[in-house]
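Here is how the chains run, residue by residue.
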Amino acid sequence: MKNSPWWRDAVVYEIYVRSFADASGDGVGDLEGIRARLPYLAELGVDAVWLTPFQPSPMADGGYDVADYRGVDPLFGTLDDFDALVAEAHAHGLRLIVDVVPNHSSSEHPWFKAALASPPGSPERDRYMFRDGDRPPNNWTSTFSGPAWSRVPDGQWYLHLFAPEQPDFNWRNPAVHEEFLDVLRFWLDRGVDGFRIDVAMGLYKDADLSDVPPSEEGFQSRSPIWSQPEVHEVYRAWRKVLDSYPGDRAAVGEVWTDSPEDLALYVRPDELHQSFNFAWLEAPWSATSFRKIIDDTLAAVTAPTWVLSNHDVVRHVTRYGEGSLNPGAGNARANAALLAMLALPGSAYLYQGEELGLPEVRELPPEARQDPIFKRSKGELPGRDGCRVPLPWSGTEAPFGFSPDGGRPWLPQPPEWAALTAERQAGDPESTLAFYRRALALRRSLRDSLPDAIAWLDAPADTLAFSRGELVCAINCGDRPVPLPPHDGVLISSGPVDETTLAPDTAVWLRSA
Ligand code: NOJ
């Protein structure tokens, strides 16, 4: 047995709570729904689950606008339900990590309400980013489009890097630090195994709030808005809290950067255990891009992570399919990418529904969409609802077991998802679900014997092949079959394979020769 902490090579399954399983029948997923599906997750073969926010919230951003950091929104259940969920997850051998949202609160948080009720210059206002002026204090725009500053009736402006209902905290105020240390302890005391930290690179802003240089379009990881050096002190303090609890409690940061070196700054022995590595999720279907990402990541980060989809991006079945004339390419490539990701050292994050091969739902009616990005851009940007459609569990028509019969899921499910339910796929050895189960079981059986390093093998153009101890992984991103590397047997493949050739859009695990 390897003697490394669980998170180093865990497979973590992201549960977007609103869309996983609805036990109460109100059309929104909940904690009880998750608890009832724990056997499914254990059988899938993941090591841990990450729950997106379930704390009390007006849901201006699906719960990433937290009004009370120490509770459960009635929409999702109660604290007792949460405690039962932790206990039962642990009984199934599953770790449980929860989201913490430290960059901003809800505008309904008691601190923000107190700030609005207090005069400019008051200690209550100092817990957020208030500024005077006839005009917005700088040129920053919200990540959700539109200005990043809103005005209150007495003329002051407050900063919100996301929706106006999500005012940014002032991390230069010690009260904010104390509050979050206490919030971490609150959930650690309830038994959580760790945290996913929302917008982890955002807490501190440039002290002068300088303008973003006009030439800089799009996201820049080094900017007056993101990744100020002071943020690392926060994670050093958080690490001390995590380390003071037994049982390898861990934190993974949502850190968007444009270089692996910037990402690595967050992953240090006295800071975060891991950061999401979004490079692959942003990359096209290309062996050259994948190889560069793998090389850069392994060179820069001691605890690598891999992820193909999450609740903020277009599902990868759809992303990969869009460049191809072959209608099956999206699913074939998604399964191939899974095998490549699971063969690499480090941990892998899966997003609910990818094990069912769910595509992005593009055709949601405008009136059903709830993402603030859609609303703030006046419909110009579709937003993220298309990857958040409630899961199809069983049956032949909506709500497909997501809600009890008669329930109406908060986003409509496409009728063709009848063919993709977990129930239907569980009985079909050729299904995506069956493939995920096989791949995860195999990874688990090999995990302890595989070294942390990979070695590249010679491979034809548009393909990759690497070995990791006794395992060889090859992936064909090109459009013609290629010879398989020398091997001593096929362990698993993402598509039809024979002993000598690897088809396009396919990956394979081989026993090394
Ligand atoms: C990142 C979360 O993943 C996303 O869903 C949310 O909208 C923003 N942070 C703001 O909290």
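The structure presented is a predicted model; accordingly, all values stated were derived computationally and were not measured. (Residues numbered from 1 in each chain as written. Predicted model: local features only at pLDDT ≥ 70, side-chain atom pairs only at ≥ 80, totals over all residues. Heavy atoms only, no water.)

### Some remarks on the site of the ligand
Convention followed: Distances are taken per atom, and a residue is near a molecule or strand as soon as one of its heavy atoms is within 4 Å of it. Nitrogen and oxygen atoms within 3.5 Å of one another constitute a polar contact, given that in protein one can donate a hydrogen and the other can accept it, and given that sequence-neighbouring residues count only through two side-chain atoms. Residue type decides the class: Asp, Glu, Lys and Arg count as charged, Ala, Val, Leu, Ile, Met, Phe, Trp, Tyr, Cys and Pro as nonpolar, and the leftover types, Gly among them, as polar.
Lining the immediate surroundings of the ligand are 14 residues, of which Asp-61, Asp-198, His-311, Asp-312 and Arg-384 lie closest. Asp-198 is positioned with one of its side-chain polar atoms (N or O) 2.7 Å from an oxygen atom of the ligand. Residue Asp-312 places a side-chain N or O atom 2.4 Å away from an oxygen atom belonging to the ligand. Across the shell around the ligand, the residue classes break down as four nonpolar, three polar and seven charged.

### Topic: the nonpolar core
Rule in force here: Residues enter a nonpolar core if they are buried and are Ala, Val, Leu, Ile, Met, Phe, Trp, Tyr or Cys, with the set joined through side-chain atoms within 4.5 Å. Only protein chains enter the accessibility calculation, which uses a 1.4 Å probe; a residue whose area is less than 20% of its type maximum is buried, one above 50% is exposed, and one in between is partly exposed. Strands here mean DSSP runs of E at least two residues long; helices mean DSSP runs of H or I at least four residues long; both are numbered from the N terminus.
Ranked by internal contacts, the top residues of the largest apolar core, which has 159 residues, are Tyr-13, Phe-82 and Trp-280. A per-element tally of this core places helix H10 (residues 329-343) first, with eight residues.

### A short note on the domain arrangement of the chain
Our working rule: The split into domains, and so the bounds of each, comes from an automatic or database assignment of domains. Throughout, a contact is declared for two residues whenever any of their heavy atoms are within 4.5 Å. Put simply, buried area is how much 1.4 Å-probe accessible surface two parts lose in total, over both of them, once they are put together. For this document, the term salt bridge refers to a Lys or Arg side-chain nitrogen within 4 Å of an Asp or Glu carboxyl oxygen.
According to the domain assignment, the chain consists of domain 1 (6-103 + 173-436), domain 2 (110-159) and domain 3 (453-512). Between the C-alpha centres of domain 1 and domain 2 there is a distance of 29 Å. Contacts between the two partners involve 19 residues from domain 1, matched on the other side by 18 residues from domain 2. Here domain 1 meets domain 2 over a buried area of about 1400 Å², counting both sides, of which 62% is carbon and sulfur. On the domain 1 side of the contact with domain 2, Asn-173, Leu-209 and Arg-376 bury the most area, a combined 39% of that side's loss. On inspection of domain 1 and its partner domain 2, the count reaches zero salt bridges. Counting residues per element, the ones that place at least two in the side of domain 1 that touches domain 2 are helix H5 (174-189) and helix H11 (372-376). Here the side of domain 1 that touches domain 2 is composed, by residue class, of ten nonpolar, three polar and six charged.

### A few points about the pattern of salt bridges
Applying the stated criterion across every chain yields a total of 31 salt bridges. Close ionic contact of Arg-35 with Glu-88 constitutes a salt bridge, the shortest N to O distance being 2.5 Å. Of this pair, Arg-35 sits in helix H1 (residues 31-36) while Glu-88 sits in helix H3 (residues 79-91), placing them 53 residues apart in sequence. Exposure remark for Arg-35: the relative accessible area of 23% places this residue in the partly exposed category. Arg-196 is paired through a salt bridge with Glu-254; the nearest N and O atoms lie 3.5 Å apart. Note that Arg-196 is positioned in strand E7 (residues 194-197) and Glu-254 in the loop between strand E8 (250-253) and helix H7 (260-264), a separation of 58 residues in sequence.

### Quick notes on unusual backbone geometry
The linkage connecting Ala-398 with the following residue, Pro-399, adopts the cis geometry, with an omega of 10°. In this fold, Pro-399 is placed in the loop between H11 and helix H12 (422-426). With a phi close to 50°, Phe-400 is a non-glycine residue in the positive phi region. Residue position: Phe-400 is located in the loop between H11 and H12. Note on Phe-400: relative accessible area 1%, which makes it buried. Despite not being glycine, Asp-505 shows a phi value in the positive range, around 60°. Looking at the secondary structure, you find Asp-505 in the loop between strand E17 (501-502) and strand E18 (506-512).

### A look at the sheet that holds strand E9 (residues 274-275)
Rule in force here: Pairing between two strands requires that DSSP report at least two bridges joining them.
The strand order across the open sheet built from eight strands is E9-E8-E7-E3-E2-E1-E11-E10, with neighbouring strands paired in parallel fashion. The open sheet has two free edges, formed respectively by E9 and strand E10 (305-307), since each of these has just one partner strand. Where E10 meets strand E11 (residues 347-351), three bridges bridge the pair, whose relative direction is parallel. Its bridge partner being in E11, Thr-305 is matched across the sheet by Ser-347.

### Section: the pairing of strand E2 (residues 48-51)
How we decide: The handedness rule is simple: strands pointing away from the viewer, and a clockwise path from the first strand over the helix to the second, make the crossover right-handed.
With burial as the criterion, each face of E2 is covered, one bearing Ala-48 and Trp-50 and the other bearing Val-49 and Leu-51. When strand E1 (residues 11-15) meets E2, the two strands line up parallel, connected through four bridges. In the sheet register, Glu-14 faces E2, and the bridge partner there is Trp-50. Sheet topology note: the E2/strand E3 (residues 95-100) ladder contains four bridges and is parallel. Along E3, the bridge assignment pairs Leu-51 with Val-98. Each parallel crossover has a hand, and the one from E2 via H3 to E3 is right-handed.

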